Amino acid sequence: MNSRSRQPPTTTTPPFSRPRSPRPSPLVPRPSSLGPRTSGFTLVEILVVIAIISLLAGVVLLNITPQIGLGNQAAAKAQIQVLSSAATTYRMAHGRYPSQQQGLEALVKKPDQEPVPQNYPEGGYLNSRNLPLDPWKRPYIYLCPGRQNEPFEILTYGADGEPGGDGANADISSADAQ
């Protein structure tokens, strides 16, 4: 046996490999000394998400709120037109509009006050036996004659319930529709 042929293999570094560094790579996470980290969100992350959602909700509410007031105004205009049509039908049947004392109540039940109509229909002049309230839950105002010398006027003072105003607080009148 040849002593040369049986030598232990030498450990040499391959020509293209780098020796291992004793310090850990920054790309590999180090084990924490505080224990294993559980997955989930931190309190700060949750608070940031809540803040963002709150801001978005505020923007949406600011854009929707004016539309609600416009919807109430449109509903009031539609109800005033229905009441005006019923008052006109009353006039065609009885030769006159309901008096100021009889009011809009004359459109749903036979008036007790003079002039009492002779041929009052059993169901009245509206589909309901009750007068509708305005969208702000107040009764409509009936004037006979109207403020600008119309034969009659039906109005509501808007969201604030006070004469005058603009936007959602504006008065809505049958005189504006005629």
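Rules used throughout
Residues numbered from 1 in each chain as written. Predicted model: local features only at pLDDT ≥ 70, side-chain atom pairs only at ≥ 80, totals over all residues. Heavy atoms only, no water. Pairing = 2+ DSSP bridges. Helix = DSSP H or I, 4+ residues; strand = E, 2+ residues; numbered from the N terminus. Expected span 1.5 Å × (residues − 1). Buried < 20%, exposed > 50% of the residue type's maximum accessible area, 1.4 Å probe, protein only. Phe/Tyr/Trp six-rings, centres within 6.5 Å; stacked < 30°, edge-to-face > 60°.

Caption draft 1: Looking closely at the sheet that holds strand E2 (residues 153–156). The strand order across the open sheet built from 3 strands is E1-E2-E3, with neighbouring strands paired in antiparallel fashion. Two strands in the sheet have a free side with no partner beyond their single neighbour: strand E1 (141–143) and strand E3 (172–173). Bridging between E2 and E3 involves 2 bridges; their strand directions are antiparallel. Bridged to Leu155 within E3 is Ser173.

Caption draft 2: Spotlight on helix H1 (residues 43–94). Here H1 is 52 residues long and its end C-alpha atoms lie 75 Å apart, about the 76 Å a rise of 1.5 Å per residue gives. Residues of H1 that are buried: Gly69, Gln73, Ala76, Ile80, Leu83, Ser84, Ala86, Ala87, Tyr90 and His94. After H1 finishes, the residue Gly95 shows a positive phi value of roughly 80°.

Caption draft 3: Molecular detail of the packing of aromatic side chains. Within the structure shown, the criterion is met by 4 aromatic pairs. Their ring planes at 70° and their centres at 5.5 Å tell us that Tyr90 and Tyr125 sit as a pair that is edge-to-face. Placement of Tyr90 in helix H1 and of Tyr125 in the loop between H1 and E1 is noted, with a sequence separation of 35 residues between them. Residue classification places Tyr90 among the buried residues on the basis of a relative accessible area of 2%. Look at Tyr125 and you get buried, because its relative accessible area is 16%. Of the aromatic side chains, those joined through ring pairs into one cluster are Tyr90, Tyr120 and Tyr125.

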